[in-house]
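So you can see what is in the structure, the chains are spelled out below.
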Amino acid sequence: MVSERHVERSFLSETKKISTVFYQKLPVQPVLFLVRVWYNIKGCLRNGLRQAAIPCIVIQKKFRRSPILDKKYDPKKVEPAWQKHWEEDQVNKTASSHPGEKFYCLEMFPYPSGNIHMGHVRNYTIGDVIARYKRMRGYNVLHPMGWDSFGMPAENAAIKHGVPPSRWTHENIKHMKYQLNQLGLSYDWDREITTCSPEYYRWNQWLFLKMLEKGIAYRKSSYVNWCPSCVTVLANEQVIDSKCWRCDNTVVQKELDQWFLRITDYAEELLTACDELSGWPEKVVLMQKNWIGKSYGVEVDFRMDGMDESIKVFTTRQDTLFGASFVCLSPNHPLSSKLVPDKISLEEITSRYGKVDEKVGLFTGGYCVNPMNNEKIPVYIANFVLMEYGTGAIMSVPAHDQRDFDFAGKYGLPVRVVISPEKESSESGARGPSEAYEEEGVLVNSGQFTGLKSREARERIAEYIEENGIGKKVVNYKLRDWGISRQRYWGTPIPVIYCDGCGITPVPEKDLPVVLPENVKLTGTGSSPLQESESFIMTSCPSCGGKARRETDTMDTFVDSSWYFIAYCFGRAGIDFDTDTGKLKEELGYWMPVDQYVGGVEHAVLHLLYSRFFTRVMRDLGIVDFSEPFINLLTQGMVIKDGAKMSKSKGNVIDPDHLIENYGADTSRLFSLFAAPPERDLEWSDKGVEGAFRFLNRVWNIVVRNVDSLWSVEMTVFDKKELEGFPSPLRDLLRKTHQTIKKVTNDIEREYHFNTAIAALMELVNEIAGVEPSDERAAKVLRFAIENVLLLLFPFTPHIAEELWRAIGNETRASEQKWPVWDEDIATTEKIELVIQINGKLRGKLMVPRGLPDEEIKRIALGEEKIAEFIGGRDIKKVIVVKGRLVNIVPGG
RNA sequence: GCCGGAGUGGCGGAAUUGGUAGACGCAAGGGACUUAAAAUCCCUCGGGUCUAAAGCUCGUGCCGGUUCGAGUCCGGCCUCCGGCACCA
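A few points on the structure. (Residues numbered from 1 in each chain as written. Chains lettered and ligands numbered in written order. Predicted model: local features only at pLDDT ≥ 70, side-chain atom pairs only at ≥ 80, totals over all residues. Heavy atoms only, no water.)

1. Topic: the pattern of salt bridges
Okay, so step 1: Counted according to the given criterion, the structure contains 44 salt bridges.
Okay, so step 2: For Arg488, the salt bridge goes to Glu155, with nearest N and O atoms at 3.1 Å. Note that Arg488 is positioned in the loop between strand S20 (485-486) and strand S21 (496-499) and Glu155 in helix H6 (residues 152-161), a separation of 333 residues in sequence. The residues Arg488 and Glu155 share a single accessibility class, namely buried.
Okay, so step 3: Of the charged contacts, one joins Asp301 and Lys312 as a salt bridge, the two residues approaching to 3.2 Å between their closest N and O atoms. In this pair, Asp301 sits in strand S10 (residues 294-304) while Lys312 sits in strand S11 (residues 310-315), placing the two residues 11 residues apart along the sequence.
Okay, so step 4: Look at the salt bridges and you will find they share partners, linking Glu269, Arg612, Arg616, Arg619, Asp620 and Glu628 into a network. (Salt bridge = Lys/Arg side-chain N within 4 Å of Asp/Glu carboxyl O. Helix = DSSP H or I, 4+ residues; strand = E, 2+ residues; numbered from the N terminus. Buried < 20%, exposed > 50% of the residue type's maximum accessible area, 1.4 Å probe, protein only.)

Now the structure itself:
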């Protein structure tokens, strides 16, 4: 037995050593420090520690305590320090060799607008939790970040402020990278990509050349959406309500020569493969299906009366063919200008082309023949007929299509009923002339097909049409080829040369990249800015060597983002340009496809469909050997404040910088994870942020309060037998800890329910707060609980977890630890609470040992005094026992 | 119009396969500590009934159904949100 006197002597000699050698490094005031050490030694004595060496160890350990640990939680001290450590230690770097299974965790890369917003904070925090969790689970994780850095804002800034787009973009990137790092996001910055760098976009150009070779890229003259304000062509997907998606100005139609990608060649595959996207939200899959818009129908020829022409018409309702009383052409239909020599009238219709609000038509004076009944029907030109869908001409059946009905009424055209409702209701006769019957039914007035039901009639009529050579069955898609030409400067130059002699000539691969020139004047007027750059345009033909001109359009920026996830896998970000497809396949094969993709639902049809298309193109080029780029997709909800999406115009924007400044990154992360499950919209709440901050303070304070006791014991894992002798608060805490490990793990695994995982951690922390380290055993239990809390907390709030992990005396890093495991035996209680119901209504509760047989449970439940009272002598009709949950008694009468 | 999703306390949200509705947090009220305030800690917190507790009773948008038992399943509505939309 060591006497107190003995310990004191050893203490004094130790402190002397410390003060002489380490004095200047002492974490706190020397006097205070010594008082703490002395207190600790006394604690050791009280706890019956018998070796004189112990106090010395305690002193040494105490000395190694993190100098940052303070009474008060200050994220401004904690967070930058750990961010620096992680960077120095390169803990987020992708391993070159790793025993674990690969896990590619990706978040949609941002446009470098200048500042991150709360949507980014949420998106990237979710991804970061997943990446950190998977690392702890032993996966080899790839977690990269980059910049979708081509696009119009850079150009607009140049026009407005005279800053070159390149400089503007790179300055923004620098600042946003700083902001992302402040959030403690675990990216491997070695793999950073920037789409506006020539190293990146030469791959765009290379892919384009490959597509050109394969006929996937082609040039055609076409009516395109033209935004007069942005002075550019827009893709169909960029037109919302016939307005520009960016500037909200009305889009007009313009005929231009454009480059297109034949995405329609892949329409069928993209559609059928939708069913394999089991890791995607159903909603997104449906949106893609609708966007592709497959429909089955027939193409029927309507011969022009007295002319050597015929009009091809597409319909999905061939069962209504006998009711066609006129035919409408699109104003852009080739026949339109032939039939109407009156240019002014035609222009009138054309100018209203595609306008939803008013439907106007122009009688051409011509007639065509309905091939089913040889009836002569008039031909109209109508503004609502789209040239881009079907054949650009429709048959009109006013009795069974509301729009045709309205049109017929306006121009006095006949309405002939050919479908009657299957169930002859009183309503059918009473149906007024104000409405078309659009549902299916039974055919009437339809020659040999009269009496058939719509479904069968469609099949029979389709066959009849094919047999008689008046048309054919066809499949139609709403999806149209992707126009990628943009009359813009800040994008990838399209690598094509126009030669008077040789025509369209691709730039040879060895000449890539075609570099975007820097010295271009941007005025914001005119069409393509590159047209002003003589030095860029003038070149020689790669084929004949003669004078030639370069293409001055650039690519849609969606091209950049359609394959960027593959660029991260290079691990050499365009340092060399090795286009050997075999090598590429090998290089990309390890990481791809992406295991978890996280981003906003706003990309459900644009980016996500293009990426699926590009992946298939690359597959067909032999670069990759899979078809789907993203196995699992998580679409996070918007960040809402005062019931509306955050926006500058509404003035309800929360600046992430202020948030980090006031509360720190961990609190920002915690709040955005706790306030709602990832897929749902998140309602912003200042008070909620304070709550998250309070929780982290609570964790901090618990560690500070117990730090001495925690230092005095080693991490101990108890087994179930040892537990039996423990007083119940300690036993309960251990059980709760195991249960929490289980719950947090399951909540993350099950659809990333971070909010409930965090709630479980809060419960555990509340329980820890109620336990005092009164003896060594209690201290060990506390240490077990706290270490696990810190590890479970690590993916969510890495800085504070890392800091406290160190503070309780660990020399390792939390970021290097394995994810905790639970002991099912301890997590399971030996006694369970059963609910007693009578007729499904809660009438009492019962504590019974786990695994008690049903018969026994019934007996106990029926024996309860209160229950007997309720039953009041009635017969027992039935007793249902649900294992581990309840017993329900059904009395008779 | 078509296709989705959602509706639970004062609020954000829990309830995993049909099995104790309201976990966790916020707000609110009360108390402890303090010269005081802040911070912290403790208690209460869906409605009704009752002096109070216990108890009883109503309660997950509305109406009905299935079931021993429904927030959860089925049928019919209502409201809100998102996507597509002259698609023939």
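2. Some details on the protein's contact with RNA strand B
Okay, so step 1: Around RNA strand B there are 53 residues in total, and Thr315, Lys355, Lys478, Arg698 and Asn888 lie nearest to it.
Okay, so step 2: The sugar-phosphate portion of RNA strand B accounts for 62% of its atoms within 4 Å of the protein, the bases making up the rest.
Okay, so step 3: Arg403 places a polar side-chain atom, nitrogen or oxygen, 2.6 Å from a sugar or linking oxygen of RNA strand B.
Okay, so step 4: Glu833 has a polar side-chain atom sitting 3.3 Å from a base oxygen of RNA strand B.
Okay, so step 5: Of all the elements in the fold, those that place two or more residues in the surface near RNA strand B are helix H10 (282-292), S11, helix H23 (686-712), helix H26 (754-769), strand S31 (831-838), strand S32 (841-849), strand S33 (876-882) and strand S34 (886-891).
Okay, so step 6: Ranked by residue count, the leading element in the surface near RNA strand B is H26, at six residues.
Okay, so step 7: Tallied by class, residues from the surface near RNA strand B come to 20 nonpolar, 14 polar and 19 charged. (Near = heavy atom within 4 Å. Polar contact = N/O pair within 3.5 Å; in protein donor to acceptor, adjacent residues only side chain to side chain. Nonpolar A, V, L, I, M, F, W, Y, C, P; charged D, E, K, R; others polar.)

3. Regarding the sheet that holds strand S30 (residues 682-683)
Okay, so step 1: Pairing is mixed in the open sheet, where three strands are placed in the order S29-S28-S30. The open sheet terminates on both sides in strands that have one partner only, identified here as strand S29 (644-645) and S30.
Okay, so step 2: Summarising the sheet, strand S28 (residues 639-641) and S30 pair through two bridges and their orientation is parallel. Bridging from a neighbouring strand, Ile640 pairs with Glu683 of S30. (Pairing = 2+ DSSP bridges.)

4. A word on the packing of H23 against helix H27 (residues 776-793)
Okay, so step 1: Remark: H23 packs on H27, axes separated minimally by 10 Å, with the N-to-C direction vectors making an angle of 140°. Between H23 and H27, the interaxial angle falls into the category oblique. The element H23 and its partner H27 pack so that their crossing is left-handed. Facing Phe695, Val699, Ile702, Val703, Asn706, Ser709, Leu710 and Trp711 of H23, the residues of H27 in contact are Ala779, Leu782, Arg783, Ile786, Leu790 and Leu793.
Okay, so step 2: Across the contact of H23 with H27, the residue classes break down as 11 nonpolar, two polar and one charged. (Axes fitted to C-alpha atoms, helices over the stretch in contact; angles between N-to-C directions. Parallel < 35°, antiparallel > 145°, perpendicular 65-115°, else oblique. Left-handed = near helix turned anticlockwise from the far one by under 90°. Contact = heavy atoms within 4.5 Å.)

5. Points about the nonpolar core
Okay, so step 1: In terms of nonpolar packing, the biggest core is built from 181 residues, with Tyr104, Trp482, Tyr564, Phe613, Phe614, Trp684 and Phe796 touching the most fellow members.
Okay, so step 2: Not counting the four nearest positions on each side in its chain, Phe614 is found in contact with Leu207, Met211, Leu261, Trp482, Val559, Ser562 and Trp563.
Okay, so step 3: Core analysis: the second largest hydrophobic core is formed by 37 residues, Val300, Cys368, Met372 and Ile465 among them. (Core = buried A, V, L, I, M, F, W, Y, C linked by side-chain atoms within 4.5 Å.)

6. Brief notes about the sheet that holds S21
Two modes of strand pairing occur in sheets, parallel and antiparallel, and in both the strands are linked by backbone hydrogen bonds.
Okay, so step 1: Spatially, S22-S21-S24-S23 is the arrangement adopted by the four strands of the open sheet, whose pairing is antiparallel. Each having just a single partner strand, strand S22 (503-506) and strand S23 (538-540) make up the two edges of the open sheet. Going across the sheet, the axis of each strand differs from the next one's by a mean of 40°, ignoring polarity.

7. Comments concerning helix H8 (residues 198-214)
Residue pairs three or four apart in sequence face the same way in an α-helix, which turns once every 3.6 residues.
Okay, so step 1: Between the first and last C-alpha of H8 there are 24 Å, a value that for 17 residues agrees with the 24 Å anticipated at 1.5 Å per step.
Okay, so step 2: Among the 17 residues that make up H8, 12 are buried, leaving the element largely enclosed by the rest of the structure.
Okay, so step 3: Within H8, burial applies to Tyr200, Tyr201, Arg202, Trp203, Asn204, Gln205, Trp206, Leu207, Phe208, Leu209, Lys210 and Met211.
Okay, so step 4: Looking one or two residues beyond H8, the residue adopting positive phi is Gly215, at roughly 80°. (Expected span 1.5 Å × (residues − 1).)

8. Here's the deal with the packing of aromatic side chains
Centre distance and the angle of the planes are the two values used to describe a pair of aromatic rings.
Okay, so step 1: Scanning all chains against the criterion turns up 43 aromatic pairs.
Okay, so step 2: When the centroid spacing of 5.2 Å and the interplanar angle of 80° are considered together, the rings of Phe718 and Phe726 count as edge-to-face.
Okay, so step 3: Phe718 gets classed as buried once you look at its relative accessible area, which sits at 7%.
Okay, so step 4: Members of the aromatic cluster, each reached through a chain of ring pairs, are Phe326, Phe363, Tyr367, Tyr380, Phe384, Phe407 and Tyr411.
Okay, so step 5: Just above the ring of Phe536 sits the side chain of Arg550; from NZ or CZ to the centre is 5.8 Å.
Okay, so step 6: The lysine or arginine in question, Arg777, covers the ring of Phe726, its NZ or CZ lying 4.7 Å from the ring centre. (Phe/Tyr/Trp six-rings, centres within 6.5 Å; stacked < 30°, edge-to-face > 60°. Lys NZ or Arg CZ within 6 Å of the ring centre and 35° of its normal.)

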